[in-house]
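# Coordinate inspection notes
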Amino acid sequence: MQQFIEDEIVEQLRNPDTRQKAFEQVVAAYSERLYWLIRKMVLSHDDANDILQNTFLKAWLNLDSFRGEAKLSTWLYKIAVNENITFLNRQRAMNNISMDDADIYLLEKLKGDDYFDGDAIQLKLQEAIVSLPEKQRIVFNMKYYDEMKYEDMSEILGTSVGALKASYHHAVKKIEAFLTKDV
């Protein structure tokens, strides 16, 4: 959403008479981008849909606390990232999975996902990404797939731009090493 349109939507969200219609526009405008951000973290279509619904539900319930200090899109991304982390932590706890085995669990879910239609190369890339530490995985996905600016990531993740650049650099190096280790 362009900034002037986003500003207009934020005003409509503050007005009880136009809030619901404006929120429907927000859902329409951001659903696909947020879905793919989430999907890249949890890998499962069904889980991504559930987290997306939770993201919008949390946004709706907390509209009054949105002060407009950050862009609406940044606020939504932050909610989605937090919902992702909460979900992944809950999954690990429910399934009694250690942090070390979490990547194996996610990959097994991806391989069993009827909606994953990638080939062997895409699966190998996903294996490489899933093998990253959680923070590096988030940063890599936001930068590589969403082409997000470091400044926006900084607002969403509460991390300095320098630290984010370093995380991305390390993630890329690890992915390159993973993809070329058997070559």
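Reading guide: rules and limits
- Residues numbered from 1 in each chain as written.
- Predicted model: local features only at pLDDT ≥ 70, side-chain atom pairs only at ≥ 80, totals over all residues.
- Heavy atoms only, no water.
- Phe/Tyr/Trp six-rings, centres within 6.5 Å; stacked < 30°, edge-to-face > 60°.
- Buried < 20%, exposed > 50% of the residue type's maximum accessible area, 1.4 Å probe, protein only.
- Lys NZ or Arg CZ within 6 Å of the ring centre and 35° of its normal.
- Helix = DSSP H or I, 4+ residues; strand = E, 2+ residues; numbered from the N terminus.
- Contact = heavy atoms within 4.5 Å.
- Axes fitted to C-alpha atoms, helices over the stretch in contact; angles between N-to-C directions.
- Parallel < 35°, antiparallel > 145°, perpendicular 65-115°, else oblique.
- Left-handed = near helix turned anticlockwise from the far one by under 90°.
- Nonpolar A, V, L, I, M, F, W, Y, C, P; charged D, E, K, R; others polar.
- Salt bridge = Lys/Arg side-chain N within 4 Å of Asp/Glu carboxyl O.
- pLDDT = per-residue confidence, 0-100.

## Here's the deal with the packing of aromatic side chains
Under the defined criterion, the tally for this structure stands at 8 aromatic pairs. Arranged with centres 4.8 Å apart and planes meeting at 40°, the rings of Phe66 and Trp75 form a pair that is tilted. Its relative accessible area of 16% is what places Trp75 among the buried residues. Joined through ring pairs, the aromatic side chains of Phe140, Tyr144, Tyr145 and Tyr168 make up one cluster. Seen from the ring of Tyr150, Lys143 lies directly overhead, with NZ or CZ sitting 4.5 Å from the centre.

## As for the environment of Ile85
Inspection of the secondary structure puts Ile85 in helix α4 (residues 72-94). Residue classification places Ile85 among the partly exposed positions, given a relative accessible area of 24%. Expressed as a C-alpha distance, the spacing of Ile85 and Val42, which sit 43 residues apart in the sequence, is 9.3 Å. Excluding residues that lie within four positions of it along the chain, Ile85 makes contacts with Glu134 and Ile138.

## What to know about the packing of helix α2 (residues 19-42) against helix α7 (residues 134-145)
As a packed pair, α2 and α7 sit with axes 10 Å apart at the nearest point and diverge in direction by 140°. Taken as axis vectors, α2 and α7 run oblique relative to one another. Seen along the crossing, α2 lies across α7 with a hand that is right-handed. Together, Leu37, Lys40 and Met41 of α2 and Glu134, Arg137, Ile138, Asn141, Met142 and Tyr145 of α7 make up the contact between the two elements. For the contact of α2 with α7, the residue count by class is 5 nonpolar, 1 polar and 3 charged.

## Thoughts on the pattern of salt bridges
Within this structure, the stated rule accounts for 6 salt bridges. In this structure, Lys58 engages Glu83 in a salt bridge whose closest nitrogen and oxygen atoms are separated by 2.8 Å. Of this pair, Lys58 sits in helix α3 (residues 45-61) while Glu83 sits in helix α4, and the two are 25 residues apart along the sequence. Assessed through its relative accessible area of 39%, Lys58 is described here as partly exposed. Two residues, Asp152 and Lys71, come together in a salt bridge whose shortest N-O distance is 3.6 Å. One end of the pair, Asp152, is in helix α8 (residues 150-157); the other, Lys71, is in the loop between α3 and α4, with 81 residues separating them in the sequence.

## Examining α8
Burial analysis of α8 places 6 of its 8 residues in the buried class, which makes it a mostly covered element. Three or more residues of α8 are buried, namely Tyr150, Asp152, Met153, Ser154, Ile156 and Leu157. Of the surrounding elements, those touching the buried residues of α8 are α4, α7 and α9 (161-180). Looking one or two places after α8, you find Gly158, whose phi comes out positive at around 65°.

## Observations regarding unusual backbone geometry
Non-glycine residue Leu43 carries a positive phi angle of around 70°. Among the secondary structure elements, Leu43 is positioned in the loop between α2 and α3. For Leu43, a relative accessible area of 3% gives the class buried. With phi around 50°, Glu147 is a residue other than glycine that occupies positive phi space. Turning to its location among the elements, Glu147 is positioned in the loop between α7 and α8. Here Glu147 falls in the exposed class, since its relative accessible area comes to 65%.

## Remarks on the confidence of the model for the protein chain
Averaged over every residue, the pLDDT of the protein chain is 84; the share at 70 or more is 82%. When the elements of the protein chain are averaged for pLDDT, helix α5 (residues 102-111) gives the smallest value, 56, and α3 the largest, 95.

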